[in-house]
Amino acid sequence: MKNKENNSIKTVVATGIGAAIIFVLMKFVAIPTGIPNTQINVAEGFLPLLGAIYGPIAAGLAIFIGHTLNDFVTYGSPWWTWVITDGLVGLAFGLAKRKLDIKSGVLSRGKLIWFNIYQIIVNFVAWVLLAPTGDIIIYHEPAKKVFLQGITTWIINSLSVAVIGTILLVLYAKTRTKRGSLKKER
């Protein structure tokens, strides 16, 4: 029971801190692409680390909250199709936690390759299929516009995760003690 309570507390704290970091990164470290409402976003590169450490609930809620806050501050209201899609991306990245197992201190090249293939597919489904389709159905946006935004976001977010996310995962894994590496002195 005590371990479950500790995990719940860690998840809540990680969600809050993660949402704050994501908000700051989205608000102050976004680089315009020249395509309306589409930026190079380093917050997406932070998301795999959050998911790999704290799991799908913390990562999904943190990006959902951080993205919502950013949209409120920047545009006056959230663009829900993209906020929800980002939440699903965070959830998907968190689902990779067990496979990556970075807390073990071992992050092989094979796991990194697997994760980057996985994240490219997740980003494709999210930004090329879900977000633009939601924009067309809910907001009646022009298909050409939203698919251009979606394809651009897929490429940018995939690169952000591949570079920043991979670096953060590797650095974090190196801070962990490898299982079985400590021996009891006699």
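Everything that follows concerns the structure shown earlier in this document.
Remember, it's a predicted structure, so these values are computed and weren't measured experimentally. (Residues numbered from 1 in each chain as written. Predicted model: local features only at pLDDT ≥ 70, side-chain atom pairs only at ≥ 80, totals over all residues. Heavy atoms only, no water.)

**Student:** Go over the overall build of the chain, please, and point to the residues and values.
**Tutor:** Looking only at helices and strands, the chain has seven helices and two strands in total. The secondary structure elements of the chain, listed N-terminal to C-terminal, are α-β-β-α-α-α-α-α-α. Taking 16 Å as the expected radius of gyration for a compact globule of 186 residues, we find that the chain reaches 17 Å, a close match to that expectation. Its C-alpha atoms give the chain principal-axis dimensions of about 70 × 35 × 25 Å. Burial status across the chain gives 42% buried among its 186 residues. (Helix = DSSP H or I, 4+ residues; strand = E, 2+ residues; numbered from the N terminus. Rg over C-alpha atoms; globule rule 2.2 N^0.38 Å. Buried < 20%, exposed > 50% of the residue type's maximum accessible area, 1.4 Å probe, protein only.)

**Student:** Can you break down a positive patch on the surface residue by residue, with the values?
**Tutor:** On the surface, a cluster of positive charge is contributed by Lys-10, Lys-97, Arg-98, Lys-103 and Arg-176. Inspection of the secondary structure puts Lys-103 in the loop between α5 (97–100) and α6 (109–139). (Patch = residues over 30% accessible without salt bridge, like charges linked within 9 Å, V, L, I, M, F, W, Y side chains within 5 Å. Areas by Shrake-Rupley, 256 points an atom, 1.4 Å probe, with all protein chains shown as cover. Salt bridge = Lys/Arg side-chain N within 4 Å of Asp/Glu carboxyl O. Lys, Arg positive; Asp, Glu negative; His and termini not counted. Charge placed at Lys NZ, Arg CZ, Asp CG, Glu CD.)

**Student:** Can you lay out the environment of Gly-51 for me, pointing to particular residues and giving the numbers?
**Tutor:** Along the chain, the position of Gly-51 falls in helix α2 (residues 43–54). The spacing of Gly-51 and Ile-138 is 87 residues in sequence and 29 Å in space, taken between C-alpha atoms. Among residues more than four places away in sequence, those in contact with Gly-51 are Ala-59, Phe-93, Gly-94 and Lys-97. (Contact = heavy atoms within 4.5 Å.)

**Student:** Quick rundown of the pattern of salt bridges? Include the residues and the values.
**Tutor:** On inspection of all chains with the given rule, the structure shows one salt bridge. A salt bridge links Lys-145 to Glu-141, with the shortest nitrogen-to-oxygen separation between them at 2.6 Å. According to the relative accessible area criterion, Glu-141 is buried, its value standing at 18%.

**Student:** Just give me the short version of the environment of Leu-95, but keep the residues and values in it.
**Tutor:** Residue placement: Leu-95 occurs in helix α4 (residues 80–95). As a C-alpha pair, Leu-95 and Asn-37 span 58 residues in sequence and 28 Å in three-dimensional space. Ignoring sequence-local partners within four residues, the contact set of Leu-95 consists of Pro-56 and Tyr-118.

**Student:** Which residues make up the packing of aromatic side chains, and what values do they have?
**Tutor:** Evaluated as defined, the whole model comprises seven aromatic pairs. Consider the rings of Phe-124 and Trp-154, whose centres lie 5.1 Å apart with planes at 75°: the pair is edge-to-face. Of this pair, Phe-124 sits in helix α6 while Trp-154 is found in helix α7 (residues 143–175), placing the two residues 30 residues apart along the sequence. Relative accessible area serves as the criterion here: at 23%, Trp-154 is assigned to the partly exposed category. Here the guanidinium or amino end of Lys-99 rests over the ring plane of Trp-114, the centre of that ring lying 5.3 Å away. (Phe/Tyr/Trp six-rings, centres within 6.5 Å; stacked < 30°, edge-to-face > 60°. Lys NZ or Arg CZ within 6 Å of the ring centre and 35° of its normal.)

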